[in-house]
Structures are given as C-alpha cells and as structure tokens.
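Architecture at a glance
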There are 2 protein chains.
Amino acid sequence: MILEREFSVGDVPAVMWTPEGAGDTTPLVLLGHGGGTHKKAPAMTGRAAKLVEQNIAAVAIDAPGHGDRPRSDYDEREIAVMQEAMAKGTPVGPIVTRYNADLARRALPEWQAVLDHLGRDAVGYWGINMGTAIGVPLAAKDHRIKAAVFGQFWPETLEEPARGITIPIEFDLQWDDEHISREDGLRLFDAFGSKEKSLHVNAGRHKELPRFEADSAVRFFQRHLTP
Amino acid sequence: MILEREFSVGDVPAVMWTPEGAGDTTPLVLLGHGGGTHKKAPAMTGRAAKLVEQNIAAVAIDAPGHGDRPRSDYDEREIAVMQEAMAKGTPVGPIVTRYNADLARRALPEWQAVLDHLGRDAVGYWGINMGTAIGVPLAAKDHRIKAAVFGQFWPETLEEPARGITIPIEFDLQWDDEHISREDGLRLFDAFGSKEKSLHVNAGRHKELPRFEADSAVRFFQRHLTP
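First, a word on scope: everything that follows refers to the structure included in this document.

Quick notes on the relation of the copies chain B and chain A
Placing chain B over chain A gives an RMSD of 0.0 Å and needs a rotation angle of 180°, together with 0.0 Å of translation along the axis. The two molecules are tied by a two-fold rotation axis, judged by turn and shift. Considering only C-alpha atoms, the residue of chain B closest to the rotation axis is His200(B), which sits at 2.4 Å.

Some remarks on the pairing of strand 8 (residues 197–202) of chain B
Residue and element names in this part refer to chain B. The buried fraction of strand 8 amounts to six of the six residues, a majority that puts the element mostly inside the structure. Here strand 8 shows two buried faces, one formed by Lys 197, Leu 199 and Val 201 and the other by Ser 198, His 200 and Asn 202. Judged from the six bridges that link them, strand 7 (residues 169–174) and strand 8 form a sheet pairing that is parallel. Bridging across to strand 8, Phe 171 finds its partner in Leu 199.

Observations concerning the pattern of salt bridges
All names here are of chain A. One pass over the full model with this rule turns up 40 salt bridges over all chains. Between Asp 62 and Lys 39 there is a salt bridge, with the nearest N and O atoms lying 3.0 Å from each other. Placement of the pair is Asp 62 in the loop between strand 4 (57–61) and helix 2 (73–88) and Lys 39 in the loop between strand 3 (28–32) and helix 1 (42–53), with a sequence separation of 23 residues. For Asp 62, a relative accessible area of 0% translates into the label buried. One continuous salt-bridge network, built from bridges that share partners, spans Asp 75, Asp 102, Arg 105 and Arg 106.

Comments concerning the nonpolar core
Grouped burial of nonpolar side chains is what soluble globular proteins tend to show. Core analysis: the largest hydrophobic core is formed by 110 residues, its most contacted members being Leu30(A) and Leu30(B). Setting aside residues up to four positions removed in sequence, Leu30(A) forms contacts with Val59(A), Trp111(A), Leu115(A), Val123(A), Gly124(A), Tyr125(A), Trp126(A), Leu138(A) and Ile145(A).

Description of the interface of chain B and chain A
The interface is formed by 18 residues belonging to chain B together with 18 residues belonging to chain A. Counting the surface lost from both chain B and chain A, the interface buries some 1,600 Å², and carbon and sulfur atoms represent 55% of this. Remark: the boundary between chain B and chain A carries two salt bridges. One can count 10 residue pairs in polar contact (both at pLDDT 80 or more) joining chain B with chain A. If you list the elements that add at least two residues to the side of chain B that touches chain A, you get helix 6 (182–191), strand 8 and helix 7 (212–225) of chain B. Examining the composition of the side of chain B that touches chain A, we find that six residues originate from one element, strand 8 of chain B, more than from any other. With five bridges joining them, strand 8 (residues 197–202) of chain A and strand 8 of chain B adopt antiparallel strand pairing.

Conventions used here
- Residues numbered from 1 in each chain as written.
- Chains lettered and ligands numbered in written order.
- Predicted model: local features only at pLDDT ≥ 70, side-chain atom pairs only at ≥ 80, totals over all residues.
- Heavy atoms only, no water.
- Least-squares fit on C-alpha atoms with pLDDT ≥ 70 in both.
- Buried < 20%, exposed > 50% of the residue type's maximum accessible area, 1.4 Å probe, protein only.
- Helix = DSSP H or I, 4+ residues; strand = E, 2+ residues; numbered from the N terminus.
- Pairing = 2+ DSSP bridges.
- Salt bridge = Lys/Arg side-chain N within 4 Å of Asp/Glu carboxyl O.
- Core = buried A, V, L, I, M, F, W, Y, C linked by side-chain atoms within 4.5 Å.
- Contact = heavy atoms within 4.5 Å.
- Buried area = accessible area lost by both parts, 1.4 Å probe.
- Polar contact = N/O pair within 3.5 Å; in protein donor to acceptor, adjacent residues only side chain to side chain.

Right under this line is the structure:
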C-alpha cells in the first residue's frame, strides 16, 4: 500500500509517497529526477514504490524548467543547443554541465525549503544524471542529507562540492557510456571525501543502467537511514 | 538450518553446506578460498551460511598446499619468498601472480572432478583474491559455471582467460588497495567478455572489503541461478 500526496512549497510542485502508517520517524529519501523528465516520471514512481515497500518514504519535486514548471528563455536556449548537439552527434557534456550547474543553483533553495516545510533533519538523497548535478552541491551544503546515491555525471562542476561531502555514497556508472568517459566518471567518484563510498559500474551504454541497481540503492538507504 | 557434510574427491578434502530439504534442483555455488586460508575459514562458512539462507547450496575444497593438504617443496619456497616480500614491504603482486597461476593449474582438474562427483552441470563460482586466480581459468574452461563473483587480483595472468568468459560477472575491487593498483584492478574487470558484468568498488584497503558485498554476491547468485 502506497500513499501519494501532491503538494507545493512556494511555486514548486512536489509529490510525496509514504507507506501506510508512516510517521515522523519513517526514513525519507529525496528523489532528484533526470534531465527532461519530471517528479512523477516512471523512474521516480518506480524508485518510490521500491522505497515504500521497505517502509521508507520518498519525496520528489519538479526541477526548475521541468514538469509543471515554466521554462525561462535561458532554459529554452540551452535545451535547443543541447538538442542540436544530440541531433548532430557532437559532445553534449559541456552543454549539460553548464546548464545543469545553473539548474542546481536554482534548485538548491527549493529543496531546502521542502526540507524546512517537512520539518525533517535527517534524510537520504537519490538522483542520477541531472539528479546528481543538483544533489551533489545540495548534499555539500545541506547537512540534513545523511546518505546519497549519485551517478552518471561529468566531473568538471561537481568535483569541488564532492570533495566536501563525507556522508556515505553509492555511485553508479556505465562502463560503455557514450557521453561520459570512464576516466571522467571515475574522477567524480574519486573526488568524494566520504570514508564509506561504493562505486557500481555496469557494462552497457548511458541509458542501460540495470534495474537491480535500484534495488541496491534501496538497500543502501535501509543500511544508513533505518535505525 | 544448515547441513554440513565433509567428503573427499580423490585426495581433495571438500565440504558441502546445504539447506534442509535440498535436492538436485537446489542451486549450488563453488566457494574458492583466499591464499593462506582453507575450505572452512570464516569467510567460507560465512558465505555458505548466507547462501543457504537463500536456499542455495555451497561447496568448498582445500586448494593445493592449503588446509588439510600437504605443501610441496615448491609451495614452501614460494610462500617463503612471499612472506619475505610482505615483511620487507616490497611488492607481492609478481610473486602471488606467479604462484597462484601454478596453484590454478593444479586446482582446475580438482574442481572439475568435484563437479563430476556431484553430477552438477549448472553452478555458480565465488572467489576473491586467490579464489579469483583459480576461478577465472576454471570458468573460462568449464562451462558448467554459469555465473561468477570474482575480485581483487592482478591482471597479468588472468586477462587472457577473462576475455573468453561470457557468463554474468560481479567483480569486487578496493579503491585504496595497497597491493593492487586501481589501474590493474580495472584492467582485469575490463577484460571479461561478459555482456552482463558489474564492478563494485569500495573505499578502503585490501582487507577492508565491506561485508555488504557478500550480501550483494548472494543476490547476484539468486538472480542468475534461481529459476
């Protein structure tokens, strides 16, 4: 049984999934969605269902310019440039890195307002791709995040905040990622200051992250958030 | 409830752990122990207990020159050289690589005789360190092995057999291994010909492989050996 409740904090639409009978002591994980998707995309509802099954609650918000939120002119321009690169087959890394760094600056106070609103001071964070671009600076700044699952992003903008992160980390990479080189992926994993950090690399391309990694992430949160 | 039965195949002492009510269709995993230990070392009985809990049987044998088996003059010489290197703090990799390649040549027909004896034609293999030095050439040669967990070994002698291996693999490395460099560890993982292969890297030194990796290995065998 999974309870879904939509709400908003300021003008940020959010959704929360809880197991039946959940209370203030039920562990909570923030879910950061990927680029071009939204708070209720299948990857989010799927992860929420797996968490709730283990008696962990989950909350997602639409990132700036995503889901039910308006795109700024800047958003439109960056998305056009990115789509052009995709179509041409030229590297998207430099564009995504730059655009997501801007999204992260906008999203950070929003996630912090959500945590204030929920009155929680010890939560997990789980986000891959753009979810990592936002989650790494968030976890570096907000110490209410006690454990995080990240992965599949370039190191340029995230290495510095990652160095300041010391919470337990699980980090996913794809060994045959056509966008992120092995060297770049490993460099970001290496940067985390965490004493306990695990890297999970799987054979396959960017979008082929195996589903069993979601089960692994849930177990990671069980280890770190469940009393 | 775990049933333990000791037996031998030729002059190779073996031990088998089975769940209650196990039969010919109960999945089976071969456990290869590490250098200097034996078939009933705590790492082996611990892994066996975790497997049996999930209704998977396990079998271990003493490697040549280990446990209840006599050491040859060659074994004694190599062990002395290795202990000297350890004491001096000089690299052990070249010695372990050479000695374990010899042990693997001796152990391969022994493992194959155990499989013949048990009449099994679809099993898993789980061995780290020396267990990998023996398991990689075994899995390359004997196609009764359908899934394997390996890790923490140098690439020189194992890259070639690894290239011929196409079964699902889970591979463990330590990010701060004082004996095996990151580059060497990643090179061996990269060599496997498997379409499905997962690398688990954890922060920590050679002997600090986290216990949760054993749980992960058990789930890996559940995915691949359980109907």
